[in-house]
Amino acid sequence: MIASETVQENARVPSAAESLSPERIAYLENLVSQARTAAAIFTQFTQEDVDRIVKAMVLAGLEQAQHLARLAVEETRLGVMEDKVIKNMVASEFVYDYVKDKRTVGIIREFPERNLMEIAEPIGVLFSITPITNPTSTVLFKCIVAIKTRNAVIFGPHPKAWRCCAEAVKIMYETAVKHGAPEGVFSCLESPTIPDNAYLMRHKDVAMIDATGGPGAVKAAYSSGKPALGVGPGNTPVYLEKSADLNGAVVDIIISKTFDNGTICASEQTVVIDDEIYDQVLKKFADLGAHICNEKETKLLERTVIDPQTGFMQPMAVGQKATDIARFIGLAVKPNTKLLVAPIRGVGREHPLSVEKLFPVLAVYRANSVAEALKVCVDVNHAGGIGHTAVVFSRNDEVIRKFGEVINAGRIIVNSPGAIGALGAVYNDLVPTFSFGCGTGGGNSTTDNVNIYHYLNIKRLARRTQNHMWFRVPNQIYFNMNAVENVRQFPSRSTVIVTNPALEQMGHVDIVRRNLAPETKVHVSVIPDAEPEVKVILQGVEELNFYKADQIIALGGGSVIDAAKIMKLKYESPEADLEELAAPFLDLRKRVIQFPTEKKNRARLIAIATTSGTGSEVTPFAVLTDKASGRKVTLADYSLTPDIAIVDPQFVMSMPKGLTADTGIDCLTHALEAGVSNYASPYTDSNAMQAIRLAFKYLPIAYEHPRDEEARSMMHNAACIAAMAFSNASVGVNHALAHAFGARFGVAHGRANALMLPHVIAYNAAVPTKFMPSPYTQGYVSHKKYATVADLLGLGGQTVEEKVEKLIAAISQLLDQLGVPRSIAELGISKEDFERAMPDLVQAAFNDPSWRSNPRMPLMNEMVELFWKAYEGRGAAKLVGMTEQQAM
Amino acid sequence: MAMIAMPLNMDEKRFALTLREAGAKLDGADGAAILDFSSVRRVDSNALRALEEFAQIAGDKGVKVVLRGVNIDVYKVLKLVKLTRLLSFEYCTAQLPRT
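Here the residue numbering is sequential within each chain, running from 1 through the sequence in written order. Whichever chain is written first becomes A and whichever ligand is written first becomes 1, with later ones labelled in order. Selection of residues for local features in this predicted model requires a pLDDT of at least 70, selection of side-chain atom pairs for listing and counting requires 80 or more, and totals for whole chains, interfaces and linings are taken over all residues.

### Overview of the nonpolar core
Residues and elements named next belong to chain A.
Line of reasoning, step 1. Residues enter a nonpolar core if they are buried, belong to Ala, Val, Leu, Ile, Met, Phe, Trp, Tyr or Cys, and are joined to the set through C-beta atoms within 7 Å. Around each residue's C-beta, the other C-beta atoms within 10 Å are counted; 20 or more make the residue buried, 12 or fewer make it exposed, and counts in between make it partly exposed. All C-beta atoms are placed from the backbone. Among the nonpolar cores identified, the biggest contains 178 residues, and Cys143, Val169, Met172 and Val272 are the most heavily contacted of them.
Line of reasoning, step 2. All domain edges in this entry derive from an automatic or database-based domain assignment. Taken domain by domain, the makeup of this core includes at least three residues from each of domain 1 (26–231) and domain 2 (236–427).
Line of reasoning, step 3. Contact definition: two residues whose C-beta atoms, as placed from backbone geometry, lie within 7 Å. Sequence-distant contacts of Val169, that is, excluding residues within four places in its chain, are made with Val139, Cys143, Phe155, Phe186 and Cys188.
Line of reasoning, step 4. By size, the runner-up hydrophobic cluster in this structure holds 128 residues, among which are Ile537, Ile606, Ala607 and Val789.

See below:
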């Protein structure tokens, strides 16, 4: 029995007031200087260099395992020599087995599918505190890990174990240097003191502290202001559940709790045993060499091996044999007793043996139920063992999982010995270590088994990822005159045609009806000619339910088709919450709210467009108005896209001139905004460009000669093609401004777009005040894309700037041709009214999601400027801020 | 202006010897000692010690020490041991890893 040795001695929080002699400071400075130089030189080493050195060190560690174990026991008078040999060998061989093929230099891991790679950067100089309980094995472990990661280490061993540690460091150092490691890579404090630790912990050239020790050492490390790995004490609860293999469990516990006389902090402390097996388990312990204490003996243990003042274990018992402890406290046991088993009735200060005991004394508790057992384990866990280690013996997977959920421990060992199990790589696939991270519960930054990756700064090299994009449109699009005939090919028992009164009166419904298959029962749902309201939608859904519709034909402009999309959604998925589905999002693939996929009913949606503008027949959008709240809700999801689109010009031949102009400008704006959108792709570009070409050519003709079949047909196609572009590339700030302005002053959408369009092109073509982050685009290209449009239209111009200016002029000319107002002032809105409305307009425009794909991030003051330019109108669209380089 | 150019290689003894000889030649005149590092792939503690001593001698004599063609890995070592503040660098080289 040793005299009152102090496990906690090394654990005092160093005080800044504690002084060192100049000679001692010079000694410490020299160690740091050497280590710093070594760490710097080490950065030049290759993986092959360090692997060669590590292998040599491991062989030296194995060769010297017995020598070092003997020194450790002689110096510390703790533990079992034979077990310490095993520890030294595990620290060498098992750690080597784990690290040998791992890359720790240069690129250490690659994730090509994520365009990521990890590159190792050494930490530099580490100051490492090692414990009295596992002195040489911890040194061997840390030396191997340090060399593998190209770091230098200054060891601060426990004062009562410094000689054996110094010898272990010397063996590792000499072997490492012999095989090429830089001089000064390891050193070990001679006659270490707490002021030494304090000095080194705060030294500017010490990059990290790795403190394996008691709570004081860990706290000191974390308080030093340096990055620290700190691992501390445990208090391992064990649940021995009734389904467990009892023979195996008892042997495992004895192996673990007597290994090195219980000095491993992951060893079992309190075993909670189910009532049904309690007596049987205790008998097995006794049969295998444990002494089961009676109540009086337990009281004796409580008084002697636990400090009544602090409630912690008495250092004199640490690492001693069970028989020596018994002899010392006057407890009569058989000579071959391995373990003292003490029944306890609770956890806490009133039950002193429920704390950590780094010696072969094991508390046991009889539990009457799983719930009680788990509760007591949680209590033990929280009595000084949070984050460390816990053990469960059971064949019941549910019990094991529940134990894992309720216990806060970095290592939860199942059906194996706690101490050796926690070390890793022997009984399980945990990473081998001699440093157990205890998480925040233990004041640590990690719950891991500390190993090579904790000794590295891991840098992530993240290459730009080309995100997947998409091009999604209806399965089938039928176009040109009489394309409506194609509805016949779709079988339906019950079809509901959603339309508005005007279209019904014009005979459009009859045209559709005539083309449906003869066996189809047709019902017509006439809705008001306005943006759909919730009430209208719900009435429509009732009709769909009543007729058990298997096909919906939306015949109309944007409002009717939008209404039909939402009716279909609510018909198929009645639980769909429209408000919730309208939640804002930035990226379609990452949106929080998902549209329903489970369908109660199923109906095909055929959209037949009767205007040439919105393109709603192919888009995934639908706008809904809630009159009660006065809110407008935009739904966006590809599940809203109609199944079939019919683009038949016979339904637009009678469109009035004003509507032709407004919807045609809407189509042109869709195409121009999709063309420069941050989500533009070659797929959307081809559609956008074609739509622009068609609109420029045919919109004036369709406007002037409404019965021109070719012009009507091409404008109808242009609207659909532009919609395919913006369905996948989205729109931009023009739409955000137009939505806000149109809603506030009751101006038709196309007309509102027209008022903004020239100004927005000039704005987007200039150097942005603020670029919009976008992983989809490389560089700023809007001005060049506008120039490409100008080329496509044959507008002429030599430089990009000239081409953009010509495009703006051509659009202005087109707008004039269409007779649309060219300024907000022309609409009769007074300057005062407009000024008063400005804060609301800007707020509404900024809240509009349309601009999120705009190539230039619109600042609020820029929106104000754009609104005023639109107010002023003609002549205000001037290209400013384009650089010389841009203009080339 | 005193201009001394000297090739160095990885031979530790020669590295230190060359610097010691060069140190003795520094006559205190204003100028620069240009050390050609283009063949230096790695430095060890002896080389660092010799370089630091040379830089100090040169500094005392008002001679600027210029390293030419320093490998970026060696430059990083000099940075880590804080020797770069005593030296000037004409240009660095980098051996790119083969991909």
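### As for the sheet that holds strand β9 (residues 268–274) of chain A
Residues and elements named next belong to chain A.
Line of reasoning, step 1. The 7 strands lie next to each other as β10-β11-β12-β9-β8-β13-β14, forming an open sheet whose pairing is parallel. For this open sheet the edge positions go to β10 (290–292) and β14 (409–414), each flanked by a neighbour on one side alone. Averaged over all adjacent pairs, the angle separating strand axes in this sheet is 25 degrees, with direction ignored.
Line of reasoning, step 2. Strand contacts of helix α9 (residues 246–258): β8 (236–240), β9, β10, β11 (339–343), β12 (361–367) and β13 (387–393), with the helix running at about 165 degrees to β9, the strand carrying the most contacts. Strand pairing is assigned whenever DSSP identifies at least 2 bridges connecting the two strands. Segments assigned H or I by DSSP are reported as helices when at least four residues long, segments assigned E as strands when at least two residues long, and all are numbered from the N terminus. Whenever a helix is involved, its axis is fitted only over the stretch in contact; in every case the axis is a line through C-alpha atoms, and angles between N-to-C directions fall within 0 to 180 degrees.

### Focus on the sheet that holds strand β23 (residues 644–647) of chain A
Residues and elements named next belong to chain A.
Line of reasoning, step 1. In space, the 6 strands of this open sheet follow the order β16-β23-β20-β19-β17-β18, with parallel pairing throughout. Among the strands making up the open sheet, the edge pair consists of β16 (476–479) and β18 (521–526). This sheet shows a mean twist of 20 degrees between the axes of neighbouring strands, independent of strand direction.
Line of reasoning, step 2. Direction of pairing for strand β17 (residues 494–499) relative to strand β19 (residues 551–556): parallel, over a ladder of 4 bridges.

### Here's the deal with the interface of chain B and chain A
Line of reasoning, step 1. Each partner contributes residues to the interface: chain B has 10 residues there, and chain A has 10 residues.
Line of reasoning, step 2. Considering every element that reaches the side of chain B that touches chain A, the biggest residue donor is helix α3 (residues 72–80) of chain B, with 4 residues.

### Describing the confidence of the model for chain A
Line of reasoning, step 1. Put simply, chain A has an average pLDDT of 93, and 96% of its residues get 70 or more.
Line of reasoning, step 2. The quantity known as pLDDT measures the predictor's confidence residue by residue, on a range of 0 to 100. Low pLDDT (under 50) marks residues 1–17 of chain A, which in the prediction has 47 contacts with non-local residues, meaning those over four places away or in another chain.

### Remarks on the packing of helix α18 (residues 534–546) of chain A against helix α19 (residues 558–572) of chain A
All names here are of chain A.
Line of reasoning, step 1. Contact geometry for α18 and α19: axes closest at 9 Å, N-to-C directions at 60 degrees. Between α18 and α19, the angle is such that the two are oblique. Viewed along their axes, α18 and α19 form a crossing whose handedness is right-handed. Contacts from Val536, Ile537, Gly540, Val541, Leu544 and Asn545 of α18 reach α19 at Ala563, Ile566, Met567, Lys570 and Tyr571.
Line of reasoning, step 2. Three categories are distinguished: nonpolar for Ala, Val, Leu, Ile, Met, Phe, Trp, Tyr, Cys and Pro, charged for Asp, Glu, Lys and Arg, and polar for the others, with Gly belonging to the last. Grouping the amino acids of the contact of α18 with α19 by side-chain chemistry returns 8 nonpolar, 2 polar and 1 charged. Under this scheme an angle from 65 to 115 degrees is roughly perpendicular, one under 35 degrees roughly parallel, and one over 145 degrees roughly antiparallel; angles in between are oblique. Crossing chirality is assigned from the near helix's rotation relative to the far helix, an anticlockwise turn below a right angle marking it left-handed and a clockwise turn marking it right-handed.

### Topic: the pairing of strand β3 (residues 125–130) of chain A
Residues and elements named next belong to chain A.
Line of reasoning, step 1. Within β3, 6 of the 6 residues are buried, leaving the element largely enclosed by the surrounding structure.
Line of reasoning, step 2. Here β3 shows a buried face lined by Val125, Phe127 and Ile129 and a second buried face lined by Leu126, Ser128 and Thr130.
Line of reasoning, step 3. Examined bridge by bridge, β3 and strand β4 (residues 152–157) share 6 bridges and lie parallel to one another. Pairing of Val125 across the sheet is with Ala152, part of β4.
Line of reasoning, step 4. With the strands pointing away from the viewer, any crossover whose connection runs clockwise from the first strand over the helix to the second is right-handed. Taking the sense of rotation as the criterion, the β-α-β connection linking β3, helix α5 (residues 135–148) and β4 turns out right-handed.
Line of reasoning, step 5. Pairing of β3 with strand β6 (residues 208–212), which is carried by 4 bridges, proceeds in the parallel orientation. By the bridge assignment, Phe127 is partnered in β6 with Ile209.

### Comments concerning the environment of Lys784(A)
Residues and elements named next belong to chain A.
Line of reasoning, step 1. Along the chain, the position of Lys784 falls in helix α26 (residues 782–792).
Line of reasoning, step 2. Look at Lys784 and you get partly exposed, because 17 C-beta atoms sit within 10 Å.
Line of reasoning, step 3. Once the C-alpha coordinates of Lys784 and Glu801 are considered, the two residues, 17 residues apart in sequence, prove to be 8.9 Å apart.

### Considering unusual backbone geometry
Line of reasoning, step 1. For Asp260(A), which is not glycine, the phi dihedral falls at a positive 50 degrees.
Line of reasoning, step 2. Along the chain, Asp260(A) falls in the loop between α9 and β9.
Line of reasoning, step 3. Residue Asp260(A) is classed as buried on the basis of its 25 C-beta neighbours within 10 Å.
Line of reasoning, step 4. The backbone of Lys82(B) sits at a positive phi, close to 60 degrees, despite the residue not being glycine.

### Section: helix α29 (residues 860–872) of chain A
Residue and element names in this part refer to chain A.
Line of reasoning, step 1. Over its 13 residues, α29 runs 19 Å from end to end, which matches the ideal 18 Å to within 8%, given 1.5 Å per residue.
Line of reasoning, step 2. Taken as a whole, α29 has its buried residues at Met863, Leu866, Phe867, Lys869, Ala870 and Tyr871.
Line of reasoning, step 3. Where α29 is buried, its residues contact α24 (733–745), α25 (749–765) and α28 (831–847).
Line of reasoning, step 4. In the stretch just after α29, Gly873 is the one whose phi turns positive, near 85 degrees. The span one expects for a helix is its residue count, reduced by one, times 1.5 Å.

### Examining the environment of Ala609(A)
Residues and elements named next belong to chain A.
Line of reasoning, step 1. Within the fold, Ala609 resides in strand β20 (residues 604–609).
Line of reasoning, step 2. For Ala609, a count of 32 C-beta atoms within 10 Å translates into the label buried.
Line of reasoning, step 3. Sequence separation between Ala609 and Tyr780 is 171 residues; the distance between their C-alpha atoms is 36 Å.
Line of reasoning, step 4. Discounting residues that sit within four places of it in the chain, Ala609 has contacts with Glu617 and Val647.

### Let's talk about the pairing of β11(A)
Residues and elements named next belong to chain A.
Line of reasoning, step 1. Where burial is concerned, most of β11 is hidden: 4 out of the 5 residues are buried.
Line of reasoning, step 2. As defined by bridge partners, β10 adjoins β11 across 3 bridges and the pair is classed as parallel. Residue Ala290 lies in a different strand from β11, and its bridge partner there is Leu339.
Line of reasoning, step 3. In this structure, β11 lies alongside β12, joined through 4 bridges in parallel fashion.

### Overview of the domain arrangement of chain A
Residues and elements named next belong to chain A.
Line of reasoning, step 1. Per the domain assignment, the segments making up chain A are domain 1 (26–231), domain 2 (236–427), domain 3 (476–650) and domain 4 (656–887).
Line of reasoning, step 2. Computed over C-alpha atoms only, the centres of domain 3 and domain 4 are separated by 28 Å.
Line of reasoning, step 3. Listed by partner, the interface residues are 18 residues for domain 3 and 22 residues for domain 4.
Line of reasoning, step 4. Of all the elements in the fold, those that place two or more residues in the side of domain 3 that touches domain 4 are β16 and β23.
Line of reasoning, step 5. Partitioned by chemical class, the residues of the side of domain 3 that touches domain 4 number 10 nonpolar, 7 polar and 1 charged.

### Describing the confidence of the model for chain B
Line of reasoning, step 1. Across chain B, the average pLDDT comes to 81, with 81% of residues at or above 70.
Line of reasoning, step 2. Per the prediction output, this complex has pTM 0.84; the corresponding ipTM is 0.85.

### Quick notes on the packing of helix α21 (residues 657–676) of chain A against α25(A)
Residues and elements named next belong to chain A.
Line of reasoning, step 1. Following both chains from N to C, one finds α21 and α25 inclined at 30 degrees, their axes separated by 8 Å at the closest point. As far as their axial angle goes, α25 and α21 are roughly parallel. Seen from above, α21 lies across α25 with left-handed handedness. For the pair α21 and α25, the contacting residues are Asp662, Thr663, Ile665, Asp666, Thr669 and Val676 in the first and His749, Gly750, Arg751, Asn753, Ala754, Leu757 and Asn764 in the second.
Line of reasoning, step 2. Of the residues that constitute the contact of α21 with α25, the class distribution is 4 nonpolar, 6 polar and 3 charged.

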